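# Descriptive analysis of the structure
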Amino acid sequence: MNRHIQLEDLSNEIFFEIFDYLYALEIFISFTCLNRRISSILQSIPLRIVILSDHCYRQIKFLSSDLANHADQVISLEIFDTICDYTSIISILFNRHNFPNLESCIFVSISSTTILENVFKHIKSLNRLVSFSLYQPNGENINEIDKHNLTNIILLHKSPVLRSISLQFNYDNMHLLNLTSMPSNLVSLKLCISSSSSILPVYSIISMLRLCHSVRYLGIMVTYQAVNENNAINTSTSSKPINYNDLPILSQMISFDLTIFVICDSRSIASILHCMPHLTHFYFTMDIATWSYPAELLDGYVWQDMLERCVPRLSKFEFHISIIKTNSILDLDIIVNSFAYFVQKYSNRNMIVQRWKFFFRRSVDFNEMNNDNIDVKKNVTYLSHFVHLPNITELEISSKNYDLSRWYEIEIILQSCRNVTNLKINTPLLISSKFIDNPSLFSIFKQIKRITSITEKIYFPSKFALKLVQRFPSLTHIELKVFTFDHCVSIIEVFLCHVEHLSYLKISYSQNTLLDNPFSRHYIIEKRRQIFPNNLLDERTTYVKDNGEAVQIRL
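The rules behind each value
- Residues numbered from 1 in each chain as written.
- Predicted model: local features only at pLDDT ≥ 70, side-chain atom pairs only at ≥ 80, totals over all residues.
- Heavy atoms only, no water.
- Helix = DSSP H or I, 4+ residues; strand = E, 2+ residues; numbered from the N terminus.
- Buried < 20%, exposed > 50% of the residue type's maximum accessible area, 1.4 Å probe, protein only.
- Contact = heavy atoms within 4.5 Å.
- Areas by Shrake-Rupley, 256 points an atom, 1.4 Å probe, with all protein chains shown as cover.
- Polar contact = N/O pair within 3.5 Å; in protein donor to acceptor, adjacent residues only side chain to side chain.
- Arc of directions from axis to C-beta.
- Phe/Tyr/Trp six-rings, centres within 6.5 Å; stacked < 30°, edge-to-face > 60°.
- Right-handed = clockwise from strand over helix to strand, strands pointing away.
- Pairing = 2+ DSSP bridges.
- Axes fitted to C-alpha atoms, helices over the stretch in contact; angles between N-to-C directions.
- Parallel < 35°, antiparallel > 145°, perpendicular 65-115°, else oblique.
- Nonpolar A, V, L, I, M, F, W, Y, C, P; charged D, E, K, R; others polar.

You'll find the chain entered in an unreviewed UniProt entry as F-box domain-containing protein, with Rotaria sordida given as the organism.

A separate point is the overall build of the chain. Of regular secondary structure, the chain possesses 20 helices and 17 strands. Taking all 555 residues of the chain together, 46% fall into the buried category. Of the contacts formed within the chain by residues at least 6 apart in sequence, a portion of 78% connects residues at least 24 apart. Carbon together with sulfur atoms contributes 50% to the accessible area of the chain, which is approximately 29,000 Å² in total.

What follows covers the side chain of serine 159. Along the chain, serine 159 turns up in the loop between helix 7 (144–155) and strand 5 (164–168). Of the residues examined, serine 159 reaches a relative accessible area of 5% and is grouped as buried. A polar contact is formed between the side chain of serine 159 and the backbone oxygen of leucine 129, at a distance of 2.8 Å.

Among the residues making up helix 20 (residues 521–531), those that are buried are Ile524, Ile525, Lys527 and Arg528. For helix 20, the buried positions fall inside an angular range of 165 degrees around the axis, keeping them on one side. Facing away from the buried side of helix 20 by more than 90 degrees, the exposed set consists of His522 and Gln530. For helix 20, the elements touching its buried residues are helix 19 (485–498), strand 16 (543–546) and strand 17 (550–554).

Right, let's talk about the packing of aromatic side chains for a bit. Here the distance between the centres and the angle between the planes together describe a pair of aromatic rings. Considering all chains together, one arrives at 23 aromatic pairs under this definition. Each ring, one from phenylalanine 19 and one from phenylalanine 31, has its centre 4.9 Å from the other, and the planes form 85 degrees; the classification is edge-to-face. One end of the pair, phenylalanine 19, is in helix 1 (residues 12–20); the other, phenylalanine 31, is in helix 2 (residues 24–31), with 12 residues separating them in the sequence. Looking at phenylalanine 19, the relative accessible area reads 2%, which means it is buried. Of the residues examined, phenylalanine 31 reaches a relative accessible area of 11% and is grouped as buried. Ring plane angle 50 degrees and centroid distance 6.2 Å describe the contact between phenylalanine 282 and phenylalanine 284, whose orientation is recorded as tilted. Residues phenylalanine 282 and phenylalanine 284 agree in their burial class; the two are buried.

The next point concerns the pairing of strand 8 (residues 255–260). Counted residue by residue, strand 8 has 5 buried out of 6 residues, so it is predominantly covered. The handedness of the strand 8 to strand 9 (residues 281–287) crossover, carried by helix 9 (residues 266–273), is right-handed.

This brings us to the sheet that holds strand 3 (residues 104–108). Pairing is parallel in the open sheet, where 10 strands are placed in the order 1-2-3-4-5-6-7-8-9-10. Taken across any chain shown, the strands that pair with only one partner, and hence form the sheet edges, are strand 1 (47–51) and strand 10 (316–322). For this sheet, the mean angle separating the axes of adjacent strands, direction not counted, is 10 degrees.

A separate point is helix 9. Counting buried positions along helix 9 gives 7 out of 8 residues, so the element sits mostly inside the fold. All of the buried residues in helix 9 are Ser266, Ser268, Ile269, Ala270, Ser271, Ile272 and Leu273. Buried residues in helix 9 make contact with helix 8 (202–209), strand 8, strand 9 and helix 10 (300–310).

What follows covers the packing of helix 2 against helix 4 (residues 57–67). Between helix 2 and helix 4, the shortest axis-to-axis distance is 10 Å and the interhelical angle comes to 80 degrees. When the axis of helix 2 is compared with that of helix 4, the two are roughly perpendicular. Contact residues: Ala24, Leu25, Phe28 and Ile29 in helix 2; Gln59, Phe62, Leu63, Asp66 and Leu67 in helix 4. The residue makeup of the contact of helix 2 with helix 4, split by class, is 7 nonpolar, 1 polar and 1 charged.

Looking now at the sheet that holds strand 12 (residues 422–426). Spatially, the 7 strands line up as an open sheet ordered 11-12-13-14-15-17-16, and their pairing is mixed. Of all strands in the sheet, those with a lone pairing partner are strand 11 (394–397) and strand 16, marking the two edges. This sheet shows a mean twist of 10 degrees between the axes of neighbouring strands, independent of strand direction.

Another aspect to go through is the pairing of strand 11. Only one face of strand 11 is covered, namely the face carrying Leu395 and Ile397; the face carrying Glu394 and Glu396 is uncovered. As defined by bridge partners, strand 11 adjoins strand 12 across 4 bridges and the pair is classed as parallel. Residue pairing for strand 12: glutamate 394 is matched across the bridge by asparagine 422.

What follows concerns unusual backbone geometry. Unusually for a residue other than glycine, serine 88 sits at a positive phi of about 60 degrees. Looking at where serine 88 falls in the secondary structure, it is placed in the loop between strand 2 (74–80) and helix 5 (89–96). Given the relative accessible area of 10%, serine 88 is considered buried. Even without a glycine there, the phi angle at serine 109 is positive, about 55 degrees. Structurally, serine 109 can be placed in the loop between strand 3 and helix 6 (117–125). Taking the relative accessible area as the measure of exposure, serine 109 reaches 24% and is therefore partly exposed.

So, in structure tokens, the structure goes:
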């Protein structure tokens, strides 16, 4: 224990700095039992525990063993309850250890087998808790009693420094209306409300706002959960009048994130925003795939009027609506033009149509190619009503939507999206002669700069590398997956010698071999300068990386 090593030359301050960048498991693995001095330092540092889904139970046992003498130093916990080979990690740690000085606690994906009673007792006793979060993608794993108890414990917590609460699981939080207060120093609050109505529960949300006296950052997600299948879905918004004189005024609130999976109208949103006159950031997300979409919420003039009246100090507005429409044509130009006000008002703002997904319907007669071609052309024409196809620069074609029998559809789509420069395509289609040797697509191939081959069951063949270069001469970015490292070496050599404008290359491989990696940084720089002497190559930004799963080269 007294053995002097080079590490001893570092000052205590540097050790503290190093440990500040490491999590508890990394510290225990690397520094436990080195010598007395470091052991003494380990007794006085704050510890942050992070357990992710790819950890294993052996690591948890090792961590728990060392925590026996360090649990009171833990100030932060982030725990995935289910790891690669075990579950109920949260209850294991809380049953073995007390964390009296815990300040931040994050639970993710609690398992249905986890017993939370003892965990709740510990959380309730924490008097230094500053932040608590629970992210539960599958809310059904937690029973309703545990949801109720946890919600009450956190929202009625007595910690004088509790400032942030995030409860992201589906639960009917309407019982919160019976609460008379929340933590007095609460600054950030995120809740998920599971509503039995298909309409935004605006009056319940307003009642909840009456408790948010100190909250400055608020996030609310509203989902729909039918009470039973026999209940009819109400698809009209409530006409109950709103008394604006009786609304709570939250002058301290500056940021509001509203995500809804139910029906709402502009009147309901306006009544909520009316409670936040000093709001500067508003994030609105609406996904109504199962409902008929509200046309007024696609009207920028409606939003302009609402925001100018209710939140005149707004400086950031993010808006995202996902809809599914059939039959009738939606004129995207009218929608986009109606939002021009927001671009004009803020000189540093712009508007982006982030992503459109379109689902083709196949012809009933699958044996007749002509009928299918007519269907595809009709669908492409319909898609053009949503977005100006020549403006599309990125296109992804996966085997989930297109197999080899539908190559003609891809031909029509690519011809319509003639300015694509970034192509993601599944490997069988990419190497198909009906695609790669199709003369009608050669001019489009020549302008593509980035290509990613999506491998599912078929790997990219090494003998195909030269043809890829010939068909796509403008490539700068290539990502492929091959079977073995030998294939990887062969393909990289072809690309280094024939892809003149190459700037990034990533070749993944499934099986390693005995072949050594010949691609040193020096080798690549000399090879490129020899073959392409007129191309400028910055040695400072050139690197090569092989992590045992893929070779990455940046030029």
